[in-house]
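Listed here are the chains, written in short residue letters.
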Amino acid sequence: MSKRVAVLGAGIMGSSTALFLARHDVEVVLYDESDAVFSGASRWNEGKIHLGFLYAGDPSLRTARRLLPGGLRFRPLIEELLDCRLENITPSDDVVLVHRDSVVAVGDVRSYFVALSELIDAHPGKGDYLVDLSEATMRELTADEVRTVADPALVAGGFAVPERSISTNWVADRFVRAIEAEPNIEVRTGTRVAGVRPHREGNDSWHVTTTAGQDGPYSAVVNALWEGRPAVDATLGIQQDDRWMHRYRVSLFVETARSVQAPSALLSVGPFGDIKNYNDREFYLSWYPTGLLVSGTAIDPPPVPAFDASGRQATIDDIFRKLGEFFPAVQEIQKQAARVSLDGGWVYATGEGKLSERSSTLHQRHQIGIKQKGSYYSVDTGKYSIAPWLARQVADSILAL
C-alpha cells in the first residue's frame, strides 16, 4: 500500500473521499470531532440536490454553473459509493414561492428561472439527475395553484421547478455501513483536529495535530471540515479569499402516523423556509430565522447555545407555527406527527450579511471548490449536493500523485 491519507471531517465530503480512495487500495484515516461519522449537517439537512433554482439572487448564473455539474452527477456517484439505488427521493417537483418581502422581485425570479432552464436543457448530463430532466420543464403557477399551497396574501408568485431532494438520514445510514465495511478506512471519532504541518521540506507529506497528539506522516491530507476549516488551513498559511460565516442551524424531521398530502415547497428569496415531503410519511421542515441558533465570522466558530427541554420544545413549536402561517399543510403534518426530531449542524459559507438583505453575498456560491498546496487539499463544499463530485476530483488527484 503506497499511500496513507488523512481525511479531516466525516460528513458527506470527507466520507465520499475516503471511500473513493480506500477502494483504490489507499490507507485512509478519517477524523471527526463528533462521536460518530455522519452525525452533523450531512445527516440533518433537507437533501436538496441543487440545480441552481435557489440562487435567483445571483442573476449572473455563476452560482448555478458551479452547482449544476455536481448536482447532475450526484445520483450516479452516490449509487457507486453505496452500491445501491437511491430511494426516498421527493416524488414531485419543487414548488418555489416568492415571498412578498423577497429581495428579488418575482419578475426577476421568472427571468432567472427561464435562463437557468435553458442552461439545464443544454447540459449533456441532464439525464443523470435524480429524475430524467430531458422532458422536464419550469412553469409559473396560476393564482389558484399558489392558493392550494400557501397563503396568497403572503406570496407574490410561484413556480414549479424540476429540482428534487433526498432523505439525508437514508443516505447517512448507508454511508455509515459502507465505511464500517471498508477495511482500508480507520475511523477516529471524538478527535478534534487543531492543525497540519509539513513532515519535511516540501509539501508532499504531513503531520496532523489533534487533541490526542501528532499523527503521521501522511502522503496527503484532505481538509473536508465545515466547522473550523479556515483555522486548520491557517496553520499552513492558507488564507481565505473572502469573508466567511459559520452558522449552526437546526430543522425539524417529522414522521407522521398516517399519510399526509403536502408539497415539497420553499419560500424565497430572503425570508426563507421550506418543506420536504419524501414519501407522505417523512418530512423536513425548516424556518430559517428560528432554526439559526448562532452565527459568527471569526476564524473559529462561536459556541452553540445550550438547549434544555423547554428551549427545544419552544423552537419546535415556533418552526411549526411560523412555517404553518405560509403553508397550511404544515398544520396537518403537526397534527399527525408521531415522532418529531430537532436536529442540525454547522454550515460554512463564504459570504456575509443576512439572507433578508439584497446586498448579502450569501445569495452566491460560485466561490466554492478545492484549494491545493502540494498534497494538501482544502475543500469548500458549499452544498451537500456537489460533495461527491468534488470528492471524486480530490481522490483522482491524490491517486495521480
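Our structure is the block above this text.
Predicted model, so just to flag it, every value in this text is computed and none were measured.

Hey, could you go over the sheet that holds strand β10 (residues 220-223) for me, with residue numbers and the actual values?
Pairing in this open sheet of six strands is mixed, and the strands run β6-β2-β1-β10-β18-β17 from one edge to the other. One side of each edge strand has no neighbouring strand; the edge strands of this open sheet are β6 (185-189) and β17 (369-373). Between one strand axis and the next, the sheet turns through 15 degrees on average, direction left out of account. Of the strand pairs in this sheet, β10 and strand β18 (residues 376-380) are connected by three bridges, and their pairing is parallel. What sits directly across from Val-222, in β18, is Tyr-377.

Which residues make up the pairing of strand β11 (residues 244-256), and what are the values?
Most of β11 is tucked away, with 12 of its 13 residues classed as buried. The pairing of β11 with strand β16 (residues 337-350) spans 13 bridges and is antiparallel. Across the sheet, Leu-252 pairs through a bridge with Leu-342, a residue of β16. The sheet contact formed by β11 and strand β15 (residues 292-296) spans four bridges and is antiparallel. Paired with Tyr-248 across the bridge in β15 is Val-294. The pairing of β11 with strand β14 (residues 282-287) spans four bridges and is antiparallel. Paired with Val-254 across the bridge in β14 is Phe-283.

What counts and what doesn't
Residue indices follow the written sequence of each chain, beginning from 1 at its first position. Under the rules for a predicted model, residues below a pLDDT of 70 receive no local features and side-chain atom pairs below 80 are neither given nor counted, while totals for whole chains, interfaces and linings still include all residues. Side-chain figures throughout are based on the complete set of non-hydrogen atoms in the structure, without hydrogens or water. Only when DSSP finds a minimum of two bridges between them are two strands counted as paired. Helix and strand assignments follow DSSP, with helices taken as H or I runs no shorter than four residues and strands as E runs no shorter than two, numbered in order from the N terminus. Each axis is a line fitted through C-alpha atoms, taken for helices only over the stretch in contact, and angles between the N-to-C directions span 0 to 180 degrees. Each residue is placed in one exposure class: buried if its accessible area under a 1.4 Å probe, protein chains only, is under 20% of its type's maximum, exposed if it is over 50%, and partly exposed if it falls in between.

As far as function goes, none of this settles anything; it's purely spatial.
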